[in-house]
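The lines below spell out each chain.
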Amino acid sequence: MINESIAALANYGLENGLIAPEDRTFAINSILAVMELDEFEEPQSVPEKPLEEILKALLDNACERGIIQNSVVYRDLFDTKLMACLTPRPSEVIGKFRKEYAESPVKATDNFYKFSQDTDYIRRYRIAKDIRWKASTEYGELDITINLSKPEKDPKAIAAAKNAKQSGYPKCLLCTENVGYAGRVNHPARQNHRIIPVEICGEEWGFQYSPYVYYNEHCILFNQKHTPMVIDKMAFEKLFDFVRQFPHYFIGSNADLPIVGGSILSHEHFQGGNYTFAMAKAQIEKEYVIKGFEDVKAGRIKWPMSVIRLSGERPERLAELAEHILRSWRGYTDEASFIFAETDGEPHSTITPIARRNGSSYELDLVLRNNITTEEHPLGVFHPHAELHHIKKENIGLIEVMGLAVLPARLRSEMELLEKALIEDPNSLRNDPVLEKHADWAEEFSSRRSITPENVSDVVKDEIGKVFAQVLEHAGVYKRTPEGMAAFDRFMDSL
């Protein structure tokens, strides 16, 4: 049985172009070494099986023989070590990418994306567990996902990670030193991980895909130096340089301040991909002419957050205007809108930028952000307020800004329970410790909608979409009211 699984893994490598026929014996012997086995007998037949099933058989065998603990953390470390037996060296991957890029950037990224899945760096079978749907709102179709692809760690693994020796290598999850790294209980294995070096504005950067793939071809572009996130004119120029080289991708940056920024502010990086979000489809609802930049189109788009869209055929002019807007925004205070540039010397205002190509034109969306907090709103005034935390409490980063809600895994079971309660006993919500937090929301929408066993799931998903639209409205610095839009106009007139 174990020989069959080893042969099946080697055959998987062959079928997906990870190894050549001449590499098969070498790959089998490498797998034997990882499995701590000395012998192999070629099976008479090897049934074709999904990768997840092949790896499970090998992992179960390793657990039974005491090579690893039967925990998701140790299993993930071990199966990555197995996949490393099939993964080509970085120089081979880079060489293939560059050769294909010379033919077509699309061909290069298509094949590198498939490669990143075939090596199991992107675990297709886990990504498939995520629950995804689109919700129609006044701002277009928002993307909603309940993230189930990140496995829950068991208590023993959590304890082991807590007691593990702290290491500064790699410095973070983005650093180039992750390529080929075996991992440990408090850092994922990356032996099957490969990056493509790219030059961005004369600097050495790395291009890779996110292992969690929140949307199609979700990529990460990162500075090969471990340097902090900064939003400035150079950041805009870097975004444009990327879409110049990869015109079929968009690219954006999280803001560079806490609360409104990303989870890794210590390492400069951007996120992009081959996907069109609702935000990119949003239309300009008011145009502005900015003195000295009459050659650049500028406008406010119809979006729950406060977004300025710049467009033109000269990216250097867009970057110059974006810098002008950024500097103005960082120094702008509007007390009536509770926008303060700084308090007690702490800066609050920054921008989340997203760049893309639109035919021969370049576009740059500038999302105005502010991270001020109060006693009433300790997580941020321009952050989902407490009444929405039952659905979304986490920070609103780049991905959410563009119109994709990444919701916590708990919502899967909570929504199943809620749907059941809405059909069987709507009055029980406030007496249920799990559903109590959803009671106000559920009672409100059930009072205005007809709910049946046939439509309850669709109704709940639709209402979650509406909550996400509210989440984005809360994150917007200018409210979408006549007064709020007038305040937005005042800022634009100040430029």
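Reading guide: rules and limits
Residues numbered from 1 in each chain as written. Predicted model: local features only at pLDDT ≥ 70, side-chain atom pairs only at ≥ 80, totals over all residues. Heavy atoms only, no water. Salt bridge = Lys/Arg side-chain N within 4 Å of Asp/Glu carboxyl O. Helix = DSSP H or I, 4+ residues; strand = E, 2+ residues; numbered from the N terminus. Buried < 20%, exposed > 50% of the residue type's maximum accessible area, 1.4 Å probe, protein only. Phe/Tyr/Trp six-rings, centres within 6.5 Å; stacked < 30°, edge-to-face > 60°. Lys NZ or Arg CZ within 6 Å of the ring centre and 35° of its normal. Expected span 1.5 Å × (residues − 1). Polar contact = N/O pair within 3.5 Å; in protein donor to acceptor, adjacent residues only side chain to side chain. Pairing = 2+ DSSP bridges. Contact = heavy atoms within 4.5 Å.

Q: Hey, could you run me through the pattern of salt bridges in this one?
A: Any two side chains of opposite charge can pair, given that their charged atoms come close. By the definition in use, this model includes 44 salt bridges. Of the charged contacts in the structure, one is a salt bridge between Asp489 and Lys286, with a shortest N-O distance of 2.9 Å. Highlighted residues: Asp489 in helix H16 (residues 482-493) and Lys286 in strand E8 (residues 284-288), separated in sequence by 203 residues. A salt bridge links Asp462 to Arg449; its shortest N-O distance comes to 2.6 Å. Taken together, the residues Asp462 in helix H15 (residues 456-475) and Arg449 in the loop between helix H14 (439-448) and H15 connect sequence positions 13 residues apart. Note on Arg449: relative accessible area 27%, which makes it partly exposed.

Q: What is the right way to read the packing of aromatic side chains from this model?
A: In this description, an aromatic ring pair is defined by two values, namely the gap between the centres and the angle between the planes. In total, this model carries 32 aromatic pairs according to the counting rule given. Between Phe97 and Tyr101, the aromatic rings sit 6.4 Å apart at their centres with planes inclined by 20°, giving stacked as the arrangement. Note that Phe97 and Tyr101 are positioned in helix H5 (residues 90-103) at a spacing of four residues, about one turn of the helix. For the ring pair Phe207 and Phe246, a centre distance of 5.5 Å and an interplane angle of 5° mean the geometry is stacked. One end of the pair, Phe207, is in strand E4 (residues 203-209); the other, Phe246, is in the loop between helix H9 (233-245) and strand E6 (250-252), and 39 residues separate them in sequence. Through a chain of ring-to-ring contacts, the aromatic side chains of Phe97, Tyr101, Phe112, Tyr113, Phe115, Phe207, Tyr209, Phe242, Phe246 and Tyr249 assemble into a single cluster. In this structure, Arg300 is placed above the aromatic ring of Phe488, and the distance from its NZ or CZ to the ring centre is 5.6 Å. The ring of Tyr362 has Arg357 sitting right over it, with the charged end atom 4.3 Å from the ring centre.

Q: I would appreciate a short explanation of H9 in the present structure.
A: Working note: α-helix, 3.6 residues per turn, so residues spaced by three or four point in the same direction. For H9, built from 13 residues, the straight-helix expectation of 18 Å at 1.5 Å per residue is met to within 8% by its first-to-last C-alpha distance of 19 Å. When H9 is considered as a whole, its buried residues turn out to be Ala235, Phe236, Lys238, Leu239, Phe240, Asp241, Phe242, Val243 and Gln245. Capping the start of H9, Asp232 holds a side-chain oxygen 3.2 Å from the backbone nitrogen of Met234, two or three residues further along.

Q: How should I be thinking about the pairing of strand E3 (residues 196-200) in this particular structure?
A: Every regular strand shows the same layout, with side chains that alternate between the two sheet faces. Of the two faces of E3, only one is covered, namely that formed by Ile196, Val198 and Ile200; the face formed by Pro197 and Glu199 stays uncovered. Both E3 and E4 contribute to a ladder of five bridges, which runs antiparallel. Among the inter-strand pairings, Pro197 is bridged to a residue of E4, identified as Gly206. Connecting E3 to the next strand, E4, in antiparallel fashion are two residues, including Cys201 with a positive phi near 50°.

Q: Whenever I open this one, the side chain of Ser306 confuses me. Can you help?
A: Among the secondary structure elements, Ser306 is positioned in the loop between strand E9 (297-301) and strand E10 (307-312). Leaving out residues up to four positions away in the same chain, Ser306 has contacts with Leu366, Val367, Leu368, Gly476, Val477, Tyr478 and Phe488.

Q: How should the environment of Ile220 be read in this particular structure?
A: Mapped onto the elements of the fold, Ile220 is located in strand E5 (residues 219-223). Taking C-alpha positions, Ile220 is 10.0 Å from Ser253, a pair spaced 33 residues apart along the chain.

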